[in-house]
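Geometric and topological summary
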Amino acid sequence: MELIQKNPDLSAYLGADEAVDHHHPLVRETAARLARDAEDSYAYASLAYTFVRDAVSHSQDAGDPRVTWRASDVLAQGTGICHAKAHALAALLRAEDIPTALCYQRLAHDDGEGHVVHGLVAVRFGGAWHRQDPRGNKPGVDARFSLDGERLAFLPDRGAGEGDYPDLHAAPHPAVLGALRAAPDRARLWRTLPTAL
């Protein structure tokens with residue numbers, strides 16, 4: 001699949017906004033701590049990815065009812081669904097001047113009822129975009145940071161109506177962000193997340 005950079009200005013993928021708040025002190029402190037152990041930007045990106053994937057719990061996997069959506073809140077509370085974790089990873093990467101996009105997949109809902117939009121990121125290295133999925137591993141899910149072939153959490157089943165969206169967004173998709181911001185808890189969020197973009 002060919003990824004489509006929605007904004008031709010690469011600097012848009014370094015920007016901060018309400019959800020990807022990489023100027024927040026907690027995001028900056030976390031980025032600085034991770035950067036101390038990285039010899040270059042690739043190593044930093046891998047460390048940041050692993051940190052978000054493993055140290056921030058996926059709220060559904062953990063049974064956590066809280067809904068986070070702002071990167072700084074995700075890091076402070078240590079939990080979030082895929083979209084929130086993608087916002088946190090984008091903020092940590094952009095804090096170290098690594099262009100990062102938000103991107104999406106359409107997957108079958110966990111309960112088998114319909115579909116839901118799944119969030120991930122793409123990082124720019126070597127003149128190309130590379131998708132990464134920081135949702136967190138569990139039995140049957142083994143996502144890894146990779147610039148040499150995708151190692152995502154899920155491979156869409158086209159026969160089941162699943163698929164990849166090729167668009168690379170500089171900011172969270174409004175439908176996703178609206179659902180996250182409006183949900184009082186994860187149970188309600190599960191009923192209001194978009195089923196398609």
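Residues numbered from 1 in each chain as written. Predicted model: local features only at pLDDT ≥ 70, side-chain atom pairs only at ≥ 80, totals over all residues. Heavy atoms only, no water.

1. Focus on the environment of Glu39
Within the secondary structure, Glu39 sits in the loop between helix H1 (25-35) and helix H2 (41-55). For Glu39, a relative accessible area of 68% gives the class exposed. C-alpha separation for the pair Glu39 and Val117, spaced 78 residues apart in sequence, amounts to 35 Å. (Helix = DSSP H or I, 4+ residues; strand = E, 2+ residues; numbered from the N terminus. Buried < 20%, exposed > 50% of the residue type's maximum accessible area, 1.4 Å probe, protein only.)

2. Here we look at the layout of surface pockets
Space inside the largest pocket adds up to approximately 260 Å³. Considering the residues around the largest pocket, the lining is formed by 17 residues, among which Leu107, Asp110, Val116, His118 and Phe154 are closest to the centre. Taken together, the elements giving at least two residues each to the lining of the largest pocket come down to strand E4 (100-108) and strand E5 (115-125). Counting residues per element, the lining of the largest pocket draws most heavily on E5, at 3 residues. Its residues assigned to classes, the lining of the largest pocket comprises 10 nonpolar, 4 polar and 3 charged. (1 Å grid on protein atoms, 1.4 Å probe; cavity = no way out; pocket = protein on both sides within 12 Å on 5 of 7 lines; lining within 4 Å. Points joined across faces, edges and corners; volume = space filled by probe spheres on them. Nonpolar A, V, L, I, M, F, W, Y, C, P; charged D, E, K, R; others polar.)

3. Things to note about the sheet that holds strand E7 (residues 163-164)
Read from one edge to the other, the open sheet built from 4 strands follows the order E6-E5-E4-E7, with strand pairing classed as antiparallel. The open sheet has two free edges, formed respectively by strand E6 (128-132) and E7, since each of these has just one partner strand. Pairing geometry for E4 and E5, over 9 bridges, is antiparallel. Each bridged residue has a counterpart across the sheet, and for Thr100 the counterpart in E5 is Val123. Sitting on the sheet, helix H5 (residues 82-95) touches E4 and E5, and the angle it makes with E5 is about 15°. (Pairing = 2+ DSSP bridges. Contact = heavy atoms within 4.5 Å. Axes fitted to C-alpha atoms, helices over the stretch in contact; angles between N-to-C directions.)

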